[in-house]
Amino acid sequence: MNAKKSTLQLDLLKQLLEGNKISLKDFSLSNEISIRTAQRYIEDLLEIFEKNIVKEGDFYSFISNHFLEKNMLSFDKKELEIFVDLFSLIDFEFANKFDEKTTTFLKKIQKNYSHTYMIKQNSFENIFSKKVLISDIKIAIKNKRYVNIGYFSDKEFIFEEAKILKIIFTDGNFYVATLTNDDVNNGFKFLRLNFITQIELLKNSFHRDIEAEYFLKNFQTIFSNYKKESYEVQIEVDKSIKRFFKQKKFLSSQTILKEDENLFLSYKITNDMEILPLVRKWLPNIKIISPKSTKDKFKNELQSYLEKLD
């Protein structure tokens, strides 16, 4: 299965699950494929969902989306594609937790991919014990409802009248992007989903927060600071590993300043913790040039670690 087929077939499935009536003629025209190709897509879905998809005249529709509402988070088109790609390109570590028909469909895609791709990722965080909380979180996001949140990390927290903006998946973990009344980081939190102990939906709703939405679209890591001006960090990368940094941006703000024997890079960050994990990963072949405060912070961190080894 090529990437286009995968994307279009997932789009067709999503439209059906959303309750839309689909004309294969219209679908083929809008996506520049043949009607026969669109017919093959629907046949694949019919093979899996059987009686759930019905045809009335020239239109196909899905008669029940219960399995999706029961078992999957609410994703927009791009997020759904990414989520299914994660399932289809890695081991099905927790796919058996999902509805059998959902898993069958994902495995069908995976089978076609597996001739070419094999991707090994870190284990996903298991969130299936949080089904009730996830349901309330989805309601809060969809209806922009204020919530009270119980949270336990190193200690217990209560965030009252908080705004839940989005469920974020990054580095194998699920986070809930939340605006709170807390002073730290201007109230913005990436709360680990598994550490949330309670969600209380409140009656009041809030308006869109354009500034928060912009931040969510552009943040680099969960350590990015909200409403804080970025500053530049310059890094020198040894010639032995510079090819990796030329082929990949490890943070979205990464730019090449110059290249001679070594590679010199610039990053725009709002928090030293955005860059320090990257530096740790590539030691001893990478070093911080500036600013001095970030360089000194990392030196102190290394010194503290060495002292603990004694």
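Quick caveat, the model's predicted, so the values are computed rather than measured. (Residues numbered from 1 in each chain as written. Predicted model: local features only at pLDDT ≥ 70, side-chain atom pairs only at ≥ 80, totals over all residues. Heavy atoms only, no water.)

> Explain unusual backbone geometry here, please?
Only a minority of non-glycine residues have a phi that is not negative, and only a minority of peptide bonds are not trans. For the bond running from leucine 283 to proline 284, omega is 5°, close enough to zero to count as cis. Relative to the helices and strands, proline 284 resides in the loop between α10 (276–281) and β12 (286–290). Between serine 290 and proline 291 the backbone carries a cis peptide bond, its omega angle lying at 0°. Among the secondary structure elements, proline 291 is positioned in the loop between β12 and α11 (292–309). The backbone of glutamate 161 sits at a positive phi, close to 50°, despite the residue not being glycine. On the basis of relative accessible area, glutamate 161 is assigned to the partly exposed category, the value being 46%. Backbone geometry places lysine 227, a non-glycine residue, at a positive phi of 60°. If you trace the backbone, lysine 227 turns up in the loop between α8 (210–218) and β9 (231–237). (Helix = DSSP H or I, 4+ residues; strand = E, 2+ residues; numbered from the N terminus. Buried < 20%, exposed > 50% of the residue type's maximum accessible area, 1.4 Å probe, protein only.)

> Hey, could you run me through the side chain of serine 28 in this one?
Looking at where serine 28 falls in the secondary structure, it is placed in helix α2 (residues 24–31). You can call serine 28 buried: its relative accessible area is 3%. Contact partners of serine 28, with chain neighbours within four places excluded, come to Ile33, Ser34, Ile35 and Ala38. (Contact = heavy atoms within 4.5 Å.)

> Where do I start with the sheet that holds strand β11 (residues 263–269) in this structure?
Strand pairs in the sheet, formed through backbone hydrogen bonds, run parallel or antiparallel to each other. Taken in spatial order, the four strands make up an open sheet running β10-β11-β9-β12, and their pairing is antiparallel. Strands at the two margins of the open sheet, each flanked by one partner only, are β10 (255–259) and β12. Averaged over all pairs of adjacent strands, the angle between their axes in this sheet comes to 30°, without regard to strand direction. For β9 and β11, the ladder comprises seven bridges, and the chain directions are antiparallel. When the sheet's bridge partners are listed, valine 237 is paired in β11 with leucine 263. (Pairing = 2+ DSSP bridges. Axes fitted to C-alpha atoms, helices over the stretch in contact; angles between N-to-C directions.)

> Which parts of the structure should I look at to understand the packing of aromatic side chains?
Ring pairs (aromatic) are described by centroid distance and by the angle formed between their planes. In this structure the tally under the stated criterion is 16 aromatic pairs. Arranged with centres 4.9 Å apart and planes meeting at 40°, the rings of phenylalanine 190 and phenylalanine 219 form a pair that is tilted. One end of the pair, phenylalanine 190, is in strand β7 (residues 188–192); the other, phenylalanine 219, is in the loop between α8 and β9, with 29 residues separating them in the sequence. Take phenylalanine 190 and phenylalanine 219: they sit in the same class, and that class is buried. On the basis of an interplanar angle of 35° and a centroid distance of 5.4 Å, the ring pair of phenylalanine 244 and tryptophan 282 is categorised as tilted. Here phenylalanine 244, found in helix α9 (residues 242–247), pairs with tryptophan 282, found in the loop between α10 and β12; they are 38 residues apart in sequence, far enough to count as distant. (Phe/Tyr/Trp six-rings, centres within 6.5 Å; stacked < 30°, edge-to-face > 60°.)

> What should I look at first to understand the confidence of the model for the chain in this one?
Segments scoring low in pLDDT should not have their predicted coordinates read at a detailed level. In this model, the chain carries a mean pLDDT of 82, and residues with pLDDT of at least 70 account for 75%. With pLDDT under 50 throughout, residues 65–98 is counted as low confidence; its partners more than four residues away or in other chains account for 72 contacts. (pLDDT = per-residue confidence, 0-100.)

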